[in-house]
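Coordinate inspection notes
What follows is each chain in one-letter form.
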Amino acid sequence: MAKEYNFQEIEQKWHQLWTANETYKVTEDKNKQKFYVLNMFPYPSGAGLHVGHPLGYIASDIYSRYKRQKGFNVLNPMGYDSYGLPAEQYAIQTGQHPEKTTFQNIDRYREQLDKIGFCFDWSREVRTCDPGYYHWTQWAFQKMFASFYCLKCQKAQPIEELINYLNEHGTEGLNVAQSEELHITAEEWKAMNEKEQSDVLMNYRIAFLGETMVNWCPKLGTVLANDEVVDGVSVRGGYPVEQKKMRQWCLRVSAYAQRLLDGLDTIEWSDSIKETQRNWIGRSEGAEIEFKIADSDKSFTIFTTRADTMFGVTFMVLAPENELVQTVTTPENKAEVEKYLTYVKGRTERERQIDHKITGVFSGSYAINPFTGEKNPIWISEYVLAGYGTGAIMAVPAHDSRDYAFAKHFGLPIIPLIEGADISEESYDAKEGIVTNSPRKDVTPYIDFSLNGLTVKEAIAATKVYVKEHHLGRVKVNYRLRDAIFSRQRYWGEPFPVYYKNDIPQMIPEDCLPIELPQVEKFLPTETGEPPLGNAQIWAWDEVNRKIVDKNLIDNKNVFPIELYTMPGFAGSSAYYLRYMDPRNDKALVSKEADEYWQNVDLYVGGSEHATGHLIYSRFWNKFLYDLGVSCKEEPFQKLINQGMIQGRSNFVYRVKDTNTFVSLGMKNEYDVTPIHVDVNIVKNDVLDIDAFKAWRPEYETAEFILEDGKYICGWAIEKMSKSMFNVVNPDMIVEKFGADTLRLYEMFLGPVEQSKPWDTNGIDGCHRFLKKFWSLFWDKEGNLQVTNEEPTAENLKSLHKVIKKVSADIEAFSYNTSISALMVACNELSQQKCRCRQIMEPLVIIIAPFAPHIAEELWEALGHNTTVCDAQWPDYDEKYLVESSVKLGVQFNGKVRFALDFPADATPDQMISMVKTAPEAQKYLEGMQIVKTIAIPGRIVNIVLKPC
RNA sequence: GCCCAGAUGGUGGAAUUGGUAGACACGAGGGACUUAAAAUCCCUUGACCAUUACCGGUCGUACGGGUUCGAGUCCCGUUCCGGGCACCA
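Residues numbered from 1 in each chain as written. Chains lettered and ligands numbered in written order. Predicted model: local features only at pLDDT ≥ 70, side-chain atom pairs only at ≥ 80, totals over all residues. Heavy atoms only, no water.

Further remarks concern the overall build of chain A. Scanning chain A for helices and strands turns up 29 helices and 36 strands. Across its three principal directions, the C-alpha atoms of chain A cover 100 × 95 × 75 Å. The buried share of chain A, reckoned over its 949 residues, is 53%. Within chain A, residue pairs in contact and separated by at least 24 positions form 69% of the contacts whose partners lie at least 6 positions apart. Summed over all atoms, the accessible surface of chain A reaches about 43,200 Å², with 49% contributed by carbon and sulfur. (Helix = DSSP H or I, 4+ residues; strand = E, 2+ residues; numbered from the N terminus. Buried < 20%, exposed > 50% of the residue type's maximum accessible area, 1.4 Å probe, protein only. Contact = heavy atoms within 4.5 Å. Areas by Shrake-Rupley, 256 points an atom, 1.4 Å probe, with all protein chains shown as cover.)

Written out as C-alpha cells, the structure is:
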C-alpha cells in the first residue's frame, strides 16, 4: 500500500507544532532586511469568515512565506476592527453587551483562520476595542486637537504657535487651513474671553468642534461621514440620510488635500484606485472673482475654473442656502423667493441627487461684472451647491451645460465666446478653441484687455494674471474633499477623552489615558435624546483628583461632564499598521526603534471598497503622525493589491408550475417552470444530489424529477453571495473535505487575485489531485520515502530550474494562478521522468511551501530536516540548465508558418536564414520566388518575405 | 455625461509584452484496471473541411478599419460588461 496523503492528520500536526514552536513570531532583527505584509483587518461579523476573506489572506500569506524564504524578516500580523455598528444593533435587539458578541465572533474567526494555516504572528494581535489599543486612538485625537495646519510649510504645527501669532498679528497674513476666513486684530483677540478664544481656535484646529451640515441618519440615530453615504442612503442598512446642521467633532482632512494628491505619485497602487482617490479629492484650479451688487455696498465672491469666460456671463446664481440670499432679495421679489426656499427645503438630498429639475427664482438684484461693468441678474437655484466653492457662481450659458439649460428654461441670453462653436442646440463645454467676443466692442469699447485670438488655455492664464493685477479676486485651488465628521451618537466606539468646562471642550490629561468605555445598561439613546453614553452613571471628570467619577458629582468647580459622543469606525483602523510594530507598548503608539525598523507597510492587501474611506483616512492620519515625527514615512502603504470580490454562484432547480416535479436544465423549455434557488452545497458540478435535495426541505420529500442522462442538471447564475440565495460557501467545509492546502491552492488557482470572480467549486478536484500526485512523488509502493542521492539528469534539472524561474517571477508579480500551473507541469514532468533525486525534490518542496505549507512541512521533515521549511532558503535558478542545444522554430514565409526546423541555440540570424534556404522542405516555397526581406530572431522567429520573380 | 479597467474554447483562465493563440485546470467523450463503485492511469476535446490511414487545408482572441513580413497584443472608430465620480462651476 502506498502511503496516503492524509491531509487532516498532517494539517493538525503542523498547526500544533507551529503554535508550540512559535514558528511565526518575529522580532526586530537589525541584521535582516525587513518586509512588512499587511491584510486589511476584518470586522468580526456574526456570520463568520466567508470564502471571500481568505482570498486576500492567502495571497499575502504566500508572499510572506516566499519573502521569508528569500531571507527577509517578515512582519505579517493580524487583528480585528472590533468596534462597529452590527454588534451594537445586535446588542439593542438582544440586550447582549456588544463586547460579548464581538469576542465570541473573534474566537470564531480565529478558529477559522487557524485552520487555513496562515503565518500570522498572533503575539502582535490588536483589537480596536481594547483599551490598550484605543489609548493611542485617543492620544492621536488629542494631538490633532492641539494642532493646526500651516499652509506655508505644508505641515501640522502645535496650536501654541498659532496662539502666539494671534497675540502678535491677529489673523492678518495668516496662511493656514481654516473652516472660514476670519478677520481679527491682535487687540480683538486679546480682548476675547476664554470661550470666544476657544471658538476662534476651533476654526484652525485639525480636530475641531464644528457647527456643520452633517449627514444625519435618523434610523441609525447617528451622523455619517461622506463615504458612509451612497445615493442619499446609509451604506450600512440602506436607511435614508438627511442634511442637518449639528455641532460635531470633525477632522480637517481637507488641509491635507494637496499632500494626499501628491503622495499618490509615490506609491504603487492600481491606477483605478488612484483615480478614485483623485476624483474624491477633486482638485480644481481656478479663480475667485469678486462681483459688486448693484445699488449696494455689498459684494460677493464666485469661484470659476473658466476665468476666460468673463465676457460671456449673462446672469449670476446663488445657492439657496447662501447667506446672501436675504440680502439680495428685493422687497418685490420676497414672496417668490420665500416660496422657492420652502420648496428647496422640502426636497431631500436624495431627491436633489436623483432628478435634476431646472428650478430657480430671480432675487430682484443685479451684480456688476468687474470686467465689463454689465449688470447681470442674480438668481437663486438649487443647482448651485452651498458646500462647494463659495456657493455662488457666474453663469456662462454658452459654455456650461447646466447654465445653458437654466438660461434656455428661463429665457436668459446666451453669448458664444469661442470661434465656430455651435450653441444653437447645446453649450460648448470643451476647453478648446480660439476665443472671440472677449470683449465685445459694442458693450465694452473702452476696456484695455482682450482675449480674442487666444486659445482657451492661454485665455484662462491671461485672465488670472489680470484678476490678480487689478485686485478683482485671486487665484484659488478648490478641493472637493470634505472634512471628516468624527463623532457618532453610538455606544460601541472609542470614547472621546474630552470633558466640557462651561461649554468649552477640555482634553483629559495625556497621562490619564485611556479613558475607558463605560458600562451601560441600555444601548439606545436616553429618553432626553442624548447619545447612549448618556446612560452611563459614572461618566464625569474630576479635574482635581484626575479621575472619572459619578455624574451626580458634577458641579461648576472641579467635576465636569464628559463627551457623550464616540468615535467613528475609521478612528481605530486609521493607524493600526503602526501599532502592530510595537503592539504592547504602553508608553507610546510605537517606539522610535520599532518604527524606524519596520518603516511602513510594503505590501497591503484588501478590498477596493475602502478606496474613499479607510484608504484616505489612514493616509491622512499617517501624514499627521509624520508631521509629528511619530511615523518616519509619509505614506503608510507602499504597494497595494486589491483582491477581487468573490461572488456567489447560485444553482437553480426548475419546478413545473403547480406540481412537485422538477425538470432538468436541458428540458426546462418544454415546460412552464419556475426557477428556485437550491443550496449549492447539495449540488456538485451542477448535478443535483437528489437524495440530499429531498432531505433539504420537507416539501421536497415527495418531489419527482425529470432527468437527462440519468442526472438532474441545475441551472446557475452569478449573484451576490448571500444567505437568501443559498450560495454561501464556508471555507471550513472545504478544509474538512479537501484540506487547507487544497483550499489555498484552489483559491489562488481560480484566477488573478485582483479580479472579481464567482466562487465556483467545480475545479477544486484538480487542485486536490495535484497535491495527491505531488505527495506520491515521494513515496514508493511500500510507503517508504523513495528519494535517493542519485545524480539528477539534465532533463530533471531543466524541469526544476524552469519551475523555480517561473514561480519566483510569478510570486513577485502576484500571479499565483500561473505559478500553480507551473508547479503542476513540473510535477507531471518529474513524475514521467521517474525522478527521485534529493537534489531535485528538496528545492521542489521549498518552492511549494508558500502555497501548501502543511504538505511541504511534512515532506521536509520526511526528508530528514529538523528545521521548518519556512526558513529553508528559496532556491535560485541557473539559466545554464534551461539553455537548449537546439531550438525548434516555425519557419514562416510571408508571415505564415510552413514547417518546423531545428536550429542550434547559438545560431546567428544569418546562419538561421541560410539554414532555411538550404532546407529541403523550403525548396517548394522558394521556387520561382525572390527573397524581398528576411527576419530572424534567435530563439523566436524566422520569416522570409517572398514575391514572384 | 466624465474618468478608469475589461471582452480569448462548453467553463475558469494562459500567452516571455509584436513572433507557432488556447498553457494549466475543470467539464465532456472514449479506453485500461476492478465482481462493482471509488480512486488511479492513458487517449480525444476551438470551429469547419479533407481523410482507410498518414500527411493536410481554411477560419478563428466582441465588431469594423489601419500600421506591420507578422497583431489577442500597437493605432482609429463602434458595441457590450464592470468600477469610480457626478448639477463640483
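Across 10 bridges, the pairing between strand 5 (residues 207-217) and strand 9 (residues 242-251) is antiparallel. For threonine 212, the partnering residue across the bridge sits in strand 9 and is methionine 246. In terms of strand pairing, strand 9 meets strand 17 (residues 484-485) through 2 bridges, oriented antiparallel. Bridge pairing links leucine 251 to alanine 484 in strand 17. (Pairing = 2+ DSSP bridges.)

Burial in helix 6 (residues 159-169) covers these residues: Ile159, Leu162 and Leu166. Seen end-on, helix 6 carries its buried residues on one side only, within an arc spanning 55°. Residues of helix 6 that are buried sit in contact with strand 3 (147-150), strand 4 (155-158), helix 7 (186-191) and helix 8 (194-202). Residue glycine 170 follows helix 6 closely and has a positive phi angle near 70°. (Arc of directions from axis to C-beta.)

The next subject is the sheet that holds strand 23 (residues 601-606). Overall, parallel pairing links the 4 strands, which are arranged 2-1-23-24 in an open sheet. The open sheet has two edge strands, strand 2 (73-75) and strand 24 (637-642), and neither has a second partner. In this sheet, adjacent strand axes meet at a mean angle of 20° when their direction is disregarded. Sheet topology places strand 1 (residues 34-39) next to strand 23; 3 bridges connect them, and they run parallel. The residue of strand 23 that forms the bridge with valine 37 is leucine 603. Across the face of the sheet, helix 19 (residues 614-628) comes into contact with strand 23 and strand 24 while running at roughly 175° to strand 24. (Axes fitted to C-alpha atoms, helices over the stretch in contact; angles between N-to-C directions.)

A few words now on the environment of glutamate 321. Relative to the elements of secondary structure, glutamate 321 occurs in the loop between strand 12 (315-318) and helix 11 (325-328). Note: C-alpha distance between glutamate 321 and histidine 135 (186 residues apart in sequence) is 40 Å. Leave out the neighbours within four places in its chain, and glutamate 321 touches Val344, Arg352 and Ala386.

Moving on, we get to helix 3 (residues 85-94). Inspection of helix 3 places Leu85, Ala87, Glu88 and Ala91 among the buried residues, and these make up the whole buried set. Across the axial projection of helix 3, the buried residues extend over an arc of 165°, all falling on one side. Positioned one or two residues after helix 3, glycine 95 has a phi angle of 80°, which is positive.

Another point: the protein's contact with RNA strand B. Looking at RNA strand B, there are 49 residues lining it, with Thr305, Arg402, Leu750, Gln755 and Asn943 nearest. Across the atoms of RNA strand B situated within 4 Å of the protein, the share located in sugar and phosphate is 61%. Within the side chain of arginine 769, a nitrogen or oxygen atom sits 2.6 Å from a phosphate oxygen of RNA strand B. Lysine 933 places a side-chain nitrogen or oxygen 3.3 Å from a phosphate oxygen of RNA strand B. Among the elements of the structure, helix 10 (271-281), strand 11 (299-304), helix 23 (764-776), helix 25 (816-832), strand 33 (886-893), strand 35 (929-937) and strand 36 (941-948) are those that each provide at least two residues to the surface near RNA strand B. It is helix 25 that contributes the most residues to the surface near RNA strand B, 6 residues altogether. Taken together, the residues that form the surface near RNA strand B break down as 17 nonpolar, 20 polar and 12 charged. (Near = heavy atom within 4 Å. Polar contact = N/O pair within 3.5 Å; in protein donor to acceptor, adjacent residues only side chain to side chain. Nonpolar A, V, L, I, M, F, W, Y, C, P; charged D, E, K, R; others polar.)

Moving on to the packing of aromatic side chains. We describe a pair of aromatic rings using the distance from one ring centre to the other and the angle between the two ring planes. All chains considered together, the criterion is met by 66 aromatic pairs. Centre to centre, the rings of tyrosine 256 and phenylalanine 620 are 5.3 Å apart; their planes meet at 80°, and the pair counts as edge-to-face. Taken as a pair, tyrosine 256 in the loop between strand 9 and helix 9 (257-263) and phenylalanine 620 in helix 19 lie far apart in primary sequence, 364 residues in all. Grouping residues by exposure puts tyrosine 256 and phenylalanine 620 together as buried. Seen from their ring centres, tyrosine 746 and tryptophan 759 are 5.7 Å apart, and the 80° between their planes marks the pair as edge-to-face. Here tyrosine 746 is found in helix 22 (residues 740-749), whereas its partner tryptophan 759 is found in the loop between strand 32 (757-758) and helix 23, with 13 residues between them in sequence. The buried category is assigned to tryptophan 759, whose relative accessible area is 3%. Taken together, the aromatic side chains of Phe35, Tyr63, Tyr66, Phe72, Phe814, Tyr816, Phe851 and Trp874 make up a single cluster linked through ring pairs. Note that lysine 67 overlies the ring of phenylalanine 72, its terminal NZ or CZ placed 4.2 Å from the centroid. (Phe/Tyr/Trp six-rings, centres within 6.5 Å; stacked < 30°, edge-to-face > 60°. Lys NZ or Arg CZ within 6 Å of the ring centre and 35° of its normal.)

Attention now moves to the sheet that holds strand 6 (residues 222-224). Taken in spatial order, the 4 strands make up an open sheet running 6-5-9-17, and their pairing is antiparallel. With partners counted over all chains shown, the strands left at the sheet margins are strand 6 and strand 17, one partner each.

Below, the discussion takes up the pattern of salt bridges. Under the criterion given, the structure shown has 42 salt bridges. The shortest N-O distance in the salt bridge between aspartate 672 and lysine 657 comes to 3.8 Å. You can see aspartate 672 sitting in the loop between strand 26 (661-663) and strand 27 (673-678) and its partner lysine 657 sitting in the loop between strand 25 (646-656) and strand 26, a full 15 residues away along the chain. Within this structure, Arg259, Arg619, Lys623, Asp627, Glu634 and Glu635 form a network of salt bridges that share partners. (Salt bridge = Lys/Arg side-chain N within 4 Å of Asp/Glu carboxyl O.)

Let us now look at the environment of valine 825. Within the element layout of this structure, valine 825 appears in helix 25. Considering only alpha carbons, one finds valine 825 and valine 803, 22 residues apart in sequence, at a separation of 8.3 Å.

Let's shift gears to the side chain of threonine 128. By the element assignment, threonine 128 lies in the loop between helix 4 (98-116) and helix 5 (131-145). When sequence neighbours within four positions are dropped, the list of residues in contact with threonine 128 reads Phe41, Tyr80, Asp81, Ser82, Tyr83, Tyr133, Tyr134, Glu494, Gly572 and Ser573.

Take the packing of helix 1 (residues 7-21) against helix 21 (residues 731-738) next. The angle between the axes and the distance between the axes are what describe a pair of packed helices. Helix 21 packs onto helix 1 with a crossing angle of 115° between their chain directions and a minimal axis gap of 8 Å. Seen from helix 1, the contacting residues are Phe7, Gln8 and Glu11; seen from helix 21, they are Val735, Glu736, Lys737 and Phe738. Grouping the constituent residues of the contact of helix 1 with helix 21 by class yields 3 nonpolar, 1 polar and 3 charged.

The next subject is unusual backbone geometry. Of all residues except glycine, most have a negative phi; of all peptide bonds, most are trans. Residue proline 439 follows serine 438 across a cis peptide bond; omega there is 0°. Cis geometry marks the peptide bond from leucine 513 to proline 514; its omega dihedral reads -5°. Along the chain, the position of proline 514 falls in the loop between strand 19 (504-507) and strand 20 (540-542). Phi at asparagine 437 is positive, roughly 60°, even though this residue is not glycine.

Now for the packing of helix 22 against helix 27 (residues 853-862). Close contact between helix 22 and helix 27 brings their axes to 7 Å; oriented N to C, the two are set at 130°. Classified by the angle between their axes, helix 22 and helix 27 sit oblique to one another. In contact with Ala740, Asp741 and Arg744 of helix 22, helix 27 contributes Pro853, His854 and Ile855. Residues that form the contact of helix 22 with helix 27 fall into these classes: 3 nonpolar, 1 polar and 2 charged. (Parallel < 35°, antiparallel > 145°, perpendicular 65-115°, else oblique.)

A word on the nonpolar core. Judged by nonpolar contacts, the single largest core of 193 residues is most densely connected at Trp249, Leu251, Phe486, Phe774, Phe778 and Tyr816. The next biggest cluster of nonpolar side chains, apart from the first, holds 40 residues, and it includes Val313, Tyr340, Phe371 and Met394. (Core = buried A, V, L, I, M, F, W, Y, C linked by side-chain atoms within 4.5 Å.)

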